[in-house]
Amino acid sequence: MEDREKRYTLAQLAEHIGARLRGPGELEVSGIGALASAREDQLCFLADKKHLAQLAATNAAAVILTEQMATATERPVLICGSPYLAYARVSQLFDCTPQAGRGIHPSAVVHPGATVSGEASIGANCVVESDAVIDGAAVLGPGCVIGERCRVGAGTRLHANVTLYHDVSIGKDCILHSGAVLGGDGFGFAPDGGNWVRIAQNGGVVLGDNVSVGANTAIDRGAIGDTVIEDGVIIDNLCQIAHNVRIGRNSALAGTCAIAGSAVIGANCTLAGGAGTVGHIELADGVHLTGRTMVTKSIGQKGAWSSGTPMMPSAQWRRAAVRFSQLDSMARRLAELEKKLND
Amino acid sequence: MEDREKRYTLAQLAEHIGARLRGPGELEVSGIGALASAREDQLCFLADKKHLAQLAATNAAAVILTEQMATATERPVLICGSPYLAYARVSQLFDCTPQAGRGIHPSAVVHPGATVSGEASIGANCVVESDAVIDGAAVLGPGCVIGERCRVGAGTRLHANVTLYHDVSIGKDCILHSGAVLGGDGFGFAPDGGNWVRIAQNGGVVLGDNVSVGANTAIDRGAIGDTVIEDGVIIDNLCQIAHNVRIGRNSALAGTCAIAGSAVIGANCTLAGGAGTVGHIELADGVHLTGRTMVTKSIGQKGAWSSGTPMMPSAQWRRAAVRFSQLDSMARRLAELEKKLND
Amino acid sequence: MEDREKRYTLAQLAEHIGARLRGPGELEVSGIGALASAREDQLCFLADKKHLAQLAATNAAAVILTEQMATATERPVLICGSPYLAYARVSQLFDCTPQAGRGIHPSAVVHPGATVSGEASIGANCVVESDAVIDGAAVLGPGCVIGERCRVGAGTRLHANVTLYHDVSIGKDCILHSGAVLGGDGFGFAPDGGNWVRIAQNGGVVLGDNVSVGANTAIDRGAIGDTVIEDGVIIDNLCQIAHNVRIGRNSALAGTCAIAGSAVIGANCTLAGGAGTVGHIELADGVHLTGRTMVTKSIGQKGAWSSGTPMMPSAQWRRAAVRFSQLDSMARRLAELEKKLND
């Protein structure tokens, strides 16, 4: 699906990624392939030695790899320190995401009190409410709704059908994927006898620059003060970010993570898919959570944490699960045996 | 982000929440702050004794607290039995959610066979299908789609981009957040050899009054008969409510809960984030599930239930996880040792 | 909510499902009810012997059941080998989903470079981008956005507010529910010091025929090559399908399943609610995962797998959870005791 109209010579690519080229500089490639299945006009990368065996058989025009790996092939290669990073940089050259034209689509409904930059693109059927500001070359895909007093920074792209409630501020060069909802009410209710009384959520949502938000992810507005996502944070699809959460610079949350209210995630944390936290806890910078880990207490220093049980054949698992429920008694019986034996 | 145009005197606030005022009745506040960071024109609340230490240092104009806490400060205070509930009531006075004007936006597509109250507000780019009824002062945000024969009760607000399929009935004074989808097909398929034959989902969805539904939550229509959410139920973001589920009055489901088909949740249950149930089970009134608890059997009386394992440093967790898979054998070996020792 | 206008005689229904009728062929029914609560003009089915007791008391006009069950009642019955499958077939006769009229709604924004079949239905406020193809009697509900170069096959229905990015190909007779997002960027970023460099996701998404996708489910586009969902796959609400995943023919994923990048799910797998996998693993054909199972390694042959712990009263669970964290030490102590006793 990559745009085959885009073609680059190996010399151009080498310069783009700062690699050393071994091979014909004038050779053109028209996209990126996987080592095992690349066409002859495609470029590949080899980032992990365990795929070294595929190198011999590849049809690729050239391969991005390290100095050391380069000795294993006669093919044209682009030699650099970090092939994966170089691949990321090259992938952007072949980006097939359609570019949006400047201007406001005639079907969009833009409030006269909103401010839209002449560089910006407002897609079909968008709604931009009063006092919203759409900066620089920001792009709103079709069907986006931008609430009152929102700000969308220059170079930021909202794909189709993103919803921003009022008072949501997005920095520069962010990407928000379709179905993302920012600024919905935090889940705040006070019990009154058996009933729930709604707590108006009077804070907002603030995203820094270079933030990425996945499809159908929800980031709630703060109850008092803002929910804050700092610069460079990347959040995958279907994540839940509750009110007054703060996520530190460059942290990464994979799909279906769920962060409860007022939790503070440090910088450069990495949360694998389905990880989550209870509310009102803090993670230090650099904490890593393995898949589906549930954080129930603050974590004061960097390190990796886990929870859950390993997968097992169901029949065997059922027995282990029953034993889990007897675990406290097993521990007591074990201690008793030890005591008996020591006596 | 709160609306600083709204200002209330302490006397007005005391009357609104039924509190006893100690301090100058004519003093005005313009919003609510947190104890630790409030501006001098903001009101605070103190609901938990563990934050009592912050009381001395606050800049807030006044604090909502209990009789007993009031002795710890000389500041103006609003004394009441339940500061958290009082805070909820005050928060609504400062609600910054934009109010919608009456009437049908010219870009909305309303079927001539639909009935829209003169008090209602239909936002830009909404679609209202045939035989739908939008009652009283209901509000549809931009981009909502209301299917055939739906009913939206007076005072109910659908935020932007909510989708109701056909035959969905919403009571009065409900709030549905953006991206919520009500009335999609329940996941019903009959196996036919290796293939799946779709079971038409011919029931509907019925929400009572004062129900809250979070962003990107899905509530499926019933297969036979309706999926029912009773009065006062509050559901957070990204929850999955399958076909023919019934959730009893005033129950609360935090983010990413998932209730499988035909499950019946009693009244006043509280499900913490990520909790869920298998299908066809019942929870009694007043059941509490801790975060991520998976209910696999009916629970016949109120009480708190849990599942899962605690978080641990990953290295340590890996060892425990291996042992989990040996748990049945450990239990047998333990029993054997006991037998030996008793012999 | 079923369409009571639709009426069928028992003779018609028997023919439709290939059942043997015992009772009056001219008797009309107008819908399907549950055994316990059916009206006198409704049909029921009895698929599980455990509900046999309800048969005596039902008011239903007739019941679909097996030869053997039929001996337990004097009522009109439709006798067949698989009552549940027969019910599925009859349910479609009473399908209450509104049919869409042909043609392009005047409010839709269809790019002149798109191709829309004369049989297709394009709902209000849809956006169809350049070079998209909408085939045969495909239906786009209101508010759908179809990106450049997408293809929607004949007979496929997208309910309201579905988003397809560019280069998404949907086969024939698929159903996509509201809020589904197909073709969003896979979560691919390369670390560069503390920062993340976006990897352009230049693959697409390909769905076969007869695929069902639930509300608010996200299926990401591939990084290199496509994300592929084969014919007959059924996916429930709020599922996350990451980039370059492949799901084999007729597999079923219940609500909130999450499949990480490049995982390959075989054919005829069944994943119960909340199940998931890490990336780059393979499941053989016919694997079954129980609710919330987390797959961390490839599974090479069919069979059922589980993970997690059983639900317990919270007080008891807390003790077991503490013991879980001591499990490795318990195992060592147990081994030591065994050694002592053997010595």
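Residues numbered from 1 in each chain as written. Chains lettered and ligands numbered in written order. Predicted model: local features only at pLDDT ≥ 70, side-chain atom pairs only at ≥ 80, totals over all residues. Heavy atoms only, no water.

### Regarding the overall build of chain A
Spelled out, the test is: Runs of H or I in DSSP of at least four residues are treated as helices and runs of E of at least two as strands, each being numbered from the N terminus. Two things to know: the radius of gyration comes from C-alpha atoms, and the globule rule equals 2.2 Å times the number of residues to the power 0.38. Buried means the residue's accessible area, taken with a 1.4 Å probe over protein chains only, is under 20% of the maximum for its type, while exposed means over 50%, and partly exposed covers the values in between. In this description, contact between two residues means that some pair of their heavy atoms is separated by no more than 4.5 Å. Accessible areas in this description were obtained via Shrake-Rupley with a 1.4 Å probe; residue shielding takes into account the shown protein chains only. All tallies of charge rest on Lys and Arg as positive and Asp and Glu as negative; His and the ends of each chain are not included. Lys charges are placed at NZ, Arg charges at CZ, Asp charges at CG and Glu charges at CD.
A count of helical and extended segments in chain A gives five helices and 39 strands. Taking 2.2 N^0.38 as the reference for a compact globule, 343 residues should give roughly 20 Å; the C-alpha atoms of chain A span a radius of gyration of 26 Å, well beyond that estimate. The principal-axis extents of the C-alpha atoms in chain A amount to approximately 80 × 65 × 35 Å. A burial count over chain A gives 58% of its 343 residues as buried. Contacts in chain A between residues far apart in sequence, at least 24 positions, make up 19% of those at least 6 positions apart. Approximately 12700 Å² of chain A is accessible, and the part contributed by carbon and sulfur atoms is 49%. For chain A, the separation between the mean place of its 29 positive charges and that of its 33 negative charges on side chains is 9 Å.

### Let's talk about the relation of the copies chain C and chain A
So the rule is basically this: The copies were overlaid by least squares, fitting only the C-alpha atoms of residues that reach a pLDDT of 70 or more in each copy.
By a simple turn and slide, chain C fits onto chain A: the slide is 0.0 Å along the axis, the RMSD is 0.0 Å, and the turn is 120°. In the structure described here, the two chain copies are related by an operation that fits a three-fold rotation axis. Nearest to the rotation axis, the C-alpha of Gly308(C) is located 3.5 Å from it, this being the minimum over chain C.

### Quick look at the packing of aromatic side chains
To keep things clear, this is the line we draw: Only the six-membered ring of Trp is used, alongside the rings of Phe and Tyr, when aromatic pairs are assigned; centres must lie within 6.5 Å, and planes under 30 degrees apart are stacked while those over 60 apart are edge-to-face, with the rest tilted.
Scanning the model with the defined rule gives 18 aromatic pairs over all chains in all. Centroid distance Phe45(B) to Tyr84(B): 5.9 Å. Interplanar angle 55°. Geometry classified as tilted. In this pair, Phe45(B) is assigned in strand β4 (residues 43–45) and Tyr84(B) in helix α3 (residues 83–93), connecting sequence segments 39 residues apart. For the pair Tyr84(B) and Tyr87(B), a centre-to-centre distance of 5.9 Å together with 50° between the ring planes defines the contact as tilted. A residue pair is termed a helical-turn pair when its members lie 3 or 4 positions apart in one helix, as Tyr84(B) and Tyr87(B) do in helix α3 at three residues. Among the residues examined, Tyr87(B) registers a relative accessible area of 5% and is labelled buried. Through a chain of ring-to-ring contacts, the aromatic side chains of Phe45(A), Tyr84(A) and Tyr87(A) assemble into a single cluster.

### So, the sheet that holds strand β17 (residues 163–164) of chain B
The criterion, for reference: Here, strands pair whenever DSSP counts at least two bridges between them.
Taken in spatial order, the ten strands of this open sheet run β8-β11-β14-β17-β20-β25-β28-β31-β34-β37 (chain B), and their pairing is parallel. This sheet does not close on itself; its edge strands, each paired only once, are β8 (109–110) and β37 (294–295) of chain B.

### What to know about the environment of Ile79(C)
Residues and elements named next belong to chain C. For Ile79, the location among the structural elements is in strand β6 (residues 77–79). A C-alpha to C-alpha distance of 8.4 Å links Ile79 and Ala14, two positions 65 residues apart in sequence. Ignoring anything within four residues of it in the chain, the contact list for Ile79 reads Ala19, Arg20, Leu65, Thr66, Glu67 and Ala70.

### So, the interface of chain B and chain A
What counts here: Salt-bridge detection follows one rule: a side-chain nitrogen of Lys or Arg within 4 Å of a carboxyl oxygen of Asp or Glu. When residue character is reported, Ala, Val, Leu, Ile, Met, Phe, Trp, Tyr, Cys and Pro are called nonpolar, Asp, Glu, Lys and Arg charged, and the others, Gly included, polar.
The interface of chain B with chain A comprises 72 residues on the first partner and 79 residues on the second. Between the two partners, chain B and chain A, sit five salt bridges. At eleven residues, helix α5 (residues 327–342) of chain B tops the list of elements feeding residues into the side of chain B that touches chain A. Split into classes, the residues belonging to the side of chain B that touches chain A amount to 36 nonpolar, 28 polar and eight charged. Pairing geometry for strand β38 (residues 303–306) of chain A and strand β39 (residues 312–313) of chain B, over two bridges, is antiparallel. Its bridge partner being in β39(B), Trp305(A) is matched across the sheet by Pro313(B).

### A short note on the interface of chain C and chain A
What counts, and what does not: Note on definitions: buried area is the accessible-area loss of two parts on being combined, 1.4 Å probe, summed for both. Throughout this description, a polar contact denotes any pair of N or O atoms lying within 3.5 Å of each other; where both atoms belong to protein, one of them has to be capable of donating a hydrogen while the other can accept it, and for residues adjacent in sequence the pair is counted only when both atoms sit in side chains.
If you look at the interface, chain C gives 79 residues, while chain A gives 72 residues. Both sides together, the interface formed by chain C and chain A hides about 6100 Å², and carbon and sulfur atoms give 63% of it. When the buried area of chain C at its contact with chain A is split by residue, Phe187(C), Asn202(C) and Ile224(C) rank highest and sum to 12% of it. For the interface between chain C and chain A, the tally reads five salt bridges. One salt bridge in this structure joins Arg333(C) and Glu338(A), with 2.8 Å as the shortest N-O distance. If you look at where chain C meets chain A, you find 32 residue pairs in polar contact (both at pLDDT 80 or more). Put simply, the parts of the chain that give the side of chain C that touches chain A at least two residues each are β20 (181–184), β21 (189–192), β22 (195–198), β25 (218–220), β37 (294–295), β38 (303–306), α4 (314–325) and α5 (327–342) of chain C. For the side of chain C that touches chain A, a count of residues per class yields 38 nonpolar, 25 polar and 16 charged.

### Considerations on the nonpolar core
Residues and elements named next belong to chain B. Threshold: For the purposes of this section, nonpolar cores are sets of buried Ala, Val, Leu, Ile, Met, Phe, Trp, Tyr and Cys residues that join through side-chain atoms within 4.5 Å.
One finds Ile146, Leu164, Leu176 and Leu182 to be the most contacted residues of the largest nonpolar core, which totals 53 residues. Those elements giving two or more residues to this core turn out to be β18 (168–170), β23 (205–207) and β36 (287–289). For Leu176, the contacting residues outside a window of four places in its chain are Arg157, Leu158, His159, Val162, Leu164, Ile170, Leu182, Leu207 and Val213.

### Some thoughts on the domain arrangement of chain A
The line we're drawing: The domain limits used here are those given by an automatic or database domain assignment.
Split into domains, chain A comes out as domain 1 (8–93), domain 2 (103–305) and domain 3 (314–343). A C-alpha centroid distance of 46 Å is found between domain 2 of chain A and domain 3 of chain A.

### Side note on the sheet that holds strand β5 (residues 62–65) of chain B
Residue and element names in this part refer to chain B. For the record, the criterion: Axes, fitted as lines to C-alpha atoms, cover a helix only where it is in contact. Angles between the N-to-C directions of the axes lie from 0 to 180 degrees.
Taken in spatial order, the four strands line up as β2-β6-β5-β4 in an open sheet, and their pairing is mixed. Of all strands in the sheet, those bounded by a partner on one side alone are β2 (20–22) and β4. Taken pair by pair, the neighbouring strands of this sheet meet at an average axis angle of 25°, ignoring direction. Pairing geometry for β2 and strand β6 (residues 77–79), over three bridges, is antiparallel. Counted as the bridge partner of Leu21 is Leu78 from β6. The strands touched by α3 are β4 and β5; relative to β5, the strand with the most contacts, the crossing angle is about 125°.

### Topic: the confidence of the model for chain A
For clarity, the threshold we go by: Per-residue confidence from the prediction method is given by pLDDT, with values spanning 0 to 100.
Residue-level pLDDT values for chain A average 96, and 99% of them are 70 or greater. As scored by the predictor, the complex reaches a pTM of 0.98 and an ipTM of 0.97.

### Observations concerning the pairing of strand β22 (residues 195–198) of chain B
Along any regular strand the residues' side chains alternate between the sheet's two faces. All names here are of chain B. Note: strand β21 (residues 189–192) against β22, four bridges, orientation antiparallel. Bridge pairing links Ala190 to Val197 in β22. Counted between consecutive antiparallel strands, the loop separating β21 from β22 contains two residues, among which Gly193 sits at a positive phi close to 65°.

### Things to note about the side chain of Thr73(A)
The topology assignment puts Thr73(A) in the loop between α2 (67–70) and β6 (77–79). Each residue touching Thr73(A), except ones within four places of it in the same chain, is listed here: Arg22(A), Leu55(A) and Leu65(A).

### Regarding the packing of helix α4 (residues 314–325) of chain B against α5(C)
Put simply, the rule is: Should an angle fall under 35 degrees it is taken as roughly parallel, and over 145 as roughly antiparallel, whereas 65 to 115 is taken as roughly perpendicular and any remaining angle as oblique.
Orientation of α4(B) relative to α5(C), taken along the N-to-C sense of each, is 60°, at an axis distance of 8 Å. Considered as vectors, α4(B) and α5(C) are oriented oblique to each other. In this structure, α4(B) contributes Arg319(B), Ala320(B), Arg323(B) and Phe324(B) to the contact, and α5(C) contributes Leu327(C), Asp328(C), Ala331(C) and Arg332(C). Here the residues of the contact of α4(B) with α5(C) are counted per class, giving four nonpolar, no polar and four charged.

### What about helix α3 (residues 83–93) of chain C?
Buried residues dominate α3(C), accounting for eight of its eleven residues. For α3(C), every residue scored as buried is listed here: Pro83(C), Leu85(C), Ala86(C), Tyr87(C), Ala88(C), Val90(C), Ser91(C) and Leu93(C). Looking at the buried positions of α3(C), the neighbouring elements they touch are β21 and β22 of chain B together with β1 (8–9), α1 (10–17), β4 (43–45) and β5 (62–65) of chain C.

### Regarding the pattern of salt bridges
Inspection of every chain in the model, using the stated rule, returns 54 salt bridges over all chains. Close ionic contact of Arg319(C) with Asp328(A) constitutes a salt bridge, the shortest N to O distance being 3.4 Å. Taken as a pair, Arg319(C) in helix α4 and Asp328(A) in helix α5 (residues 327–342) lie in two separate chains rather than in one. Judged by its relative accessible area of 41%, Arg319(C) falls in the partly exposed class. The partner of Arg198(C) in a salt bridge is Asp185(C), with the nearest N and O atoms 3.0 Å apart. Taken together, the residues span a long stretch of sequence, with Arg198(C) in strand β22 and Asp185(C) in the loop between β20 and β21 at a distance of 13 residues. Ionic contacts of the salt-bridge type, sharing partners, join the residues Glu148(A), Arg149(A), Asp167(A) and Arg221(A) into one network.

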